[in-house]
Amino acid sequence: MAKAAESSGDPGTTSPRPLFAGLSDISISQDIPVEGEITIPMRSHIREFDSSTLNESVQNTIMRDLKAVGKKFMHVLYPRKSNTLLRDWDLWGPLILCVTLALMLQRSSVDSEKDGGPQFAEVFVIVWFGAVTITLNSKLLGGNISFFQSLCVLGYCILPLTVAMLVCRLVLLAEPGPINFMVRLFVVIVMFAWSIVASTAFLADSQPPNRKALAIYPVFLFYFVISWMILTFTPQ
Amino acid sequence: GLQLLSEFGDEATSAANPGATTIHIEGPSESPTHQPGLPRGSGGEEDDELLGNDDSDKTELLAGQKKSSPFWTFEYYQTFFDVDTYQVFDRIKGSVLPIPGKNFVRLYIRSNPDLYGPFWICATLVFAIAISGNLSNFLIHLGEKTYHYVPEFRKVSIAATIIYAYAWLVPLALWGFLMWRNSKVVNIVSYSFLETVCVYGYSLFIYIPTAVLWIIPQKAVRWILVVIALGISGSVLAMTFWPAVREDNRRIALATIVTIVLLHTLLSVGCLAYFFDAPEMDHLPAATVAPNQTVAAAK
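Residues numbered from 1 in each chain as written. Chains lettered and ligands numbered in written order. Predicted model: local features only at pLDDT ≥ 70, side-chain atom pairs only at ≥ 80, totals over all residues. Heavy atoms only, no water.

Draft legend 1. Region of interest: the UniProt feature "transmembrane region" (unreviewed entry) in chain B. All names here are of chain B. In the numbering used here, UniProt assigns the feature "transmembrane region" (unreviewed entry) to residues 115-136, 156-178, 199-217, 223-245 and 252-276. For residues 223-245, the helix share is 100%, the strand share is 0%, and the end-to-end C-alpha distance is 31 Å. Taken end to end, residues 252-276 is 96% helix and 0% strand, and its two terminal C-alpha atoms sit 35 Å from one another. (UniProt positions renumbered as here; feature names shortened; annotations may be inferred. Helix = DSSP H or I, 4+ residues; strand = E, 2+ residues; numbered from the N terminus.)

Draft legend 2. Highlighting the UniProt feature "transmembrane region" (unreviewed entry) in chain A. Residue and element names in this part refer to chain A. The feature "transmembrane region" (unreviewed entry), as annotated in UniProt, sits at residues 91-108, 120-141, 147-174, 181-203 and 215-234 in this numbering. The span residues 120-141 shows a helical share of 95% and a strand share of 0%, and its end C-alpha atoms are spaced 32 Å apart. As annotated, residues 147-174 has a helix share of 86% and a strand share of 0%, and its two end C-alpha atoms lie 42 Å apart.

Draft legend 3. Up close: helix α6 (residues 85-96) of chain B. For α6(B), spanning 12 residues, the distance from its first C-alpha to its last is 17 Å, which sits close to the expected 16 Å at 1.5 Å a residue. Considered for burial, the residues of α6(B) that qualify are B:Thr85, B:Gln87, B:Val88, B:Arg91, B:Ile92, B:Gly94 and B:Ser95. (Expected span 1.5 Å × (residues − 1). Buried < 20%, exposed > 50% of the residue type's maximum accessible area, 1.4 Å probe, protein only.)

Draft legend 4. Geometry of the packing of aromatic side chains. A full pass over the atoms with the stated rule returns 26 aromatic pairs over all chains. For the ring pair B:Phe71 and B:Trp72, a centre distance of 5.5 Å and an interplane angle of 75 degrees mean the geometry is edge-to-face. A ring pair is formed by B:Tyr200 and B:Phe241, whose centres lie 6.1 Å apart and whose planes are at 40 degrees; its orientation type is tilted. With B:Tyr200 in helix α10 (residues 193-203) and B:Phe241 in helix α12 (residues 219-245), this residue pair connects regions lying 41 residues apart in the sequence. Neither B:Tyr200 nor B:Phe241 differs from the other in exposure class; each is buried. Through successive ring pairs, a cluster of aromatic residues spans A:Phe192, A:Tyr217, A:Phe220 and A:Phe224. Positioned above the aromatic ring of B:Tyr274, the side-chain terminus of B:Lys155 is 5.6 Å from the ring centre. (Phe/Tyr/Trp six-rings, centres within 6.5 Å; stacked < 30°, edge-to-face > 60°. Lys NZ or Arg CZ within 6 Å of the ring centre and 35° of its normal.)

Draft legend 5. Spatial organisation of the interface of chain B and chain A. Between chain B and chain A, the residue contacts involve 25 residues of the former and 34 residues of the latter. For the pair chain B and chain A, the summed buried area comes to about 2,600 Å², and 66% of that belongs to carbon and sulfur atoms. Considering only the surface of chain B that becomes buried against chain A, B:Trp120, B:Phe153 and B:Arg154 emerge as the three largest contributors, covering 26% of it. There are 2 salt bridges connecting chain B and chain A. A salt bridge links B:Asp82 to A:Arg211; the shortest N-O distance between them is 2.7 Å. Scanning the region where chain B abuts chain A turns up 9 residue pairs in polar contact (both at pLDDT 80 or more). In terms of residue count, helix α8 (residues 116-140) of chain B provides more of the side of chain B that touches chain A than any other element does, 8 residues in total. Classifying every residue of the side of chain B that touches chain A gives 16 nonpolar, 5 polar and 4 charged. (Contact = heavy atoms within 4.5 Å. Buried area = accessible area lost by both parts, 1.4 Å probe. Salt bridge = Lys/Arg side-chain N within 4 Å of Asp/Glu carboxyl O. Polar contact = N/O pair within 3.5 Å; in protein donor to acceptor, adjacent residues only side chain to side chain. Nonpolar A, V, L, I, M, F, W, Y, C, P; charged D, E, K, R; others polar.)

Structure (structure tokens):
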């Protein structure tokens, strides 16, 4: 764009004069080149960033992504008013959590027609379709959050419930009974509350104040249904 | 136009608020954003016979003014979710505690029908019915050695199909029917499709606490709850749609309202019979559903 600005100017006067003189000329005639000039440093910066990742080893790349995912897990487990989860979103964490949850909800019985529990595909559909619906809902209500940022937050905030599922599977190894159920109920309720607190900490600020409850309610329903699936899970 | 409006106002049995209706009809001409190029002359207002059509034209015009963006843009759909928290609470309150003789649409919705309420009320109802049905089955069989608990996850999708089909197809059919009657008989009150969906969605709200209370495995309690819920939401629907058919032939008007209430009864009784096992293993719920089905089919 800078080259184009020079060529559009008078070719006789280009070499001795400073760069800003040519720029001011163009900004008077038409302001589109100035706009282009503004975007150039950012784009070249991104290109530089890309070329730096191009010749690093595969191990470094994977480790960096894993570190990013792990950092976001920590953010969910200890929710603060932070924008890290919103600024650079990824869907790796949600995918890992969703697959883990669906695999653990799978029961070992062979005849899948008889048992009434959720199948792998049903868990998958509920998690992703639910997250997409909640995101669309918050966008339609006028929230200023991007589509994938919201999906990322909702997906990462399943983490406490996945932990609850893991605990439930361990508890179910023990002898079944009312105490067993009470322990599972307690764990699921605590983790459900944790998920709600974490997701609202990230998502609530993106909504206008008079619509926060409308945007938060579907999130509540979403995690409630997942909690119910976890609580009613029985092996065999 | 004025003469007819005053006649409308004189009627003692008027279910709709006459003042609200007047504002509604005169709204577009007072609005400053009215397009001068649009064909809406005074001739249509003088012609009393065309008033029904003219009114529906105006409501369409009003709707067109409100959502100016075309339907493929995101902004067009944002107009359906243009509600604040207090508005949704007011509408829910209005559907749970109906004021006798007051029209739900004119009192609460006021030409701003939203889809937030209907969509999420239906979603909540689906899970409330599926989860509490499952819990009540568990409570009934609690203590039996042979009973093996099953989460019955498939009932969620069945409940979703039933509830969403009812909340969208019945308003669609009703709206089509009212449009067709409007082309034959002059009706002062006419509703848009969104208003119809909105009324139906909010009228289902009372079933959410009802479904949660259906967990109690007592047949008497359940049937009392059904009757209470049906009375409340049925009266909301009847009071809302009665003004829209009042000008029509008495028999057709009554048949419309009876069909609306019967379909509502069928939904609640059907849900109770299908999702909640009877505590005693007799077939009373099934026997009650059958006559309703035949009546609904005959309509």
